[in-house]
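The lines below spell out each chain.
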Amino acid sequence: MSDNQETTTLDVANTSRIGSMLWIGFYTFVLNILTLTFFRFWGRTIFRRRIWSDTTIAGEALEYTGRGMELFIGFLIAAVTVMLPPVLFVLVAQFVFGEVAAAIAIFAVYLFFFWLIGVAIFLARRYILSRTRYRGIRFEQTGSAMDYGWKSFGYTFLTGFTLGWFAPAARLRLSKYIWSHALFGSEPIRFEDNEAAQAEPHYKSFAVLWVGGVGLYVLLIMGTMSMGFADPMTTDPIIAILRLYALMFALGIVFAGFSAWHEVVMVRKIIKSLHISGARATCDLTTMDLLRIWFLGGLLTVLTLGIGSLAFNMMVWRVIANHIRFEGEIDLAAIEQAASTGPVQGEGIADGLDITGF
């Protein structure tokens, strides 16, 4: 490209409205009560179709083609084939072989579910991508759910062993596995640690979060002791409790700032690592953008007794989407339709483990 040519920019935008999401959340809540929560599969589908259709890339909207019945059938299959056997395994161990065998069985089941969480996340991702289209072209997720499960399992223990310090590396490695095995039609999506991604201070922000979190916890303990809780006879308990809540609120605001900065850095780093065809993604999301949405969305969720949680999810996606753009060109004419139509059923395991997101 010559110096006098401008780089083509493909803007991502979301125009979802809080009111429409609150309405979806309200009737989903009511129908969940009437159907013993089974409407949630259709409610989730309605929500996804709306938020997908409200999201555009270069003015062209995304399309979600999933169906509630697919999610429902996937849940039933997962409940019988994946969720029920471990429960029966523990019951048999307890009543047939005794308490020691039951304890061993419970430990084994816990380890199994740690691995299964990764499998469920991958399978849910595969289903969602296969039901997402842009200009008629399907996305596709390849790779192995079992491999992803083992990676997630190992990284979880490494994160615990390092007192959390492996967490940023784990997230980036899992993101790379997911995106490096994703396709837009016949075009592979590349995950490259380019110069823009490397400039994001992901470990610096995590260090601030980790050290700051420990420091805030120490301040909370010291503040609690100084407020008279150690000697309740000398302090009005009501005044002490109000002071404690004020201290917790102040420290919570500071911790939210640390958390938001690290989360924004990680989001920007992952997005800036993505390349599709001749275009690379970039993101200019700021810490204040995310903090504002966390505060407003959290307040909305509390005031609506949870009904506004879908609106909260939408608000988070909207603020991220509106700060993403692709620089370069995507040659749609050269991209063929995806080879696979994706799984027949939906994300049943993820629903059973309650990790579906939105």
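For the structure given in this document, a descriptive report is provided here. (Residues numbered from 1 in each chain as written. Predicted model: local features only at pLDDT ≥ 70, side-chain atom pairs only at ≥ 80, totals over all residues. Heavy atoms only, no water.)

Within this structure, the stated rule accounts for 22 aromatic pairs. Aromatic pair Tyr155 and Phe166: ring centres 5.6 Å apart, planes at 55°, arrangement tilted. Taken as a pair, Tyr155 in helix α5 (residues 145–161) and Phe166 in the loop between α5 and α6 (167–180) lie far apart in primary sequence, 11 residues in all. Taken together, the aromatic side chains of Phe112, Phe113, Phe114, Trp115, Trp150, Phe153 and Phe157 make up a single cluster linked through ring pairs. Sitting above the plane of the Phe75 ring, Arg40 keeps its charged end 5.0 Å from the centroid. In this structure, Arg125 is placed above the aromatic ring of Trp179, and the distance from its NZ or CZ to the ring centre is 4.1 Å. (Phe/Tyr/Trp six-rings, centres within 6.5 Å; stacked < 30°, edge-to-face > 60°. Helix = DSSP H or I, 4+ residues; strand = E, 2+ residues; numbered from the N terminus. Lys NZ or Arg CZ within 6 Å of the ring centre and 35° of its normal.)

Right, let's talk about the pattern of salt bridges for a bit. All told, the structure shown has 13 salt bridges when counted by the stated rule. The closest approach of N and O atoms between Glu263 and Arg171, which form a salt bridge, is 2.9 Å. With a gap of 92 residues between them, Glu263 in helix α9 (residues 237–272) and Arg171 in helix α6 connect regions that are remote in the sequence. For Glu263, a relative accessible area of 25% gives the class partly exposed. Using a relative accessible area of 30% as the deciding quantity, one classes Arg171 as partly exposed. Ionic pairing is found between Arg325 and Asp284, a salt bridge with its closest N-O pair at 3.8 Å. Of the two residues, Arg325 is situated in strand β10 (residues 324–329) and Asp284 in the loop between β9 (278–283) and α10 (287–303); the sequence distance between them amounts to 41 residues. (Salt bridge = Lys/Arg side-chain N within 4 Å of Asp/Glu carboxyl O. Buried < 20%, exposed > 50% of the residue type's maximum accessible area, 1.4 Å probe, protein only.)

Bringing the environment of Arg318 into the picture now. Inspection of the secondary structure assignment puts Arg318 in helix α11 (residues 309–321). Sequence spacing of Arg318 and Ala279 is 39 residues, and the spatial spacing of their C-alpha atoms is 21 Å. Other than its neighbours up to four places away in sequence, Arg318 contacts Asn14, Ser16 and Arg17. (Contact = heavy atoms within 4.5 Å.)

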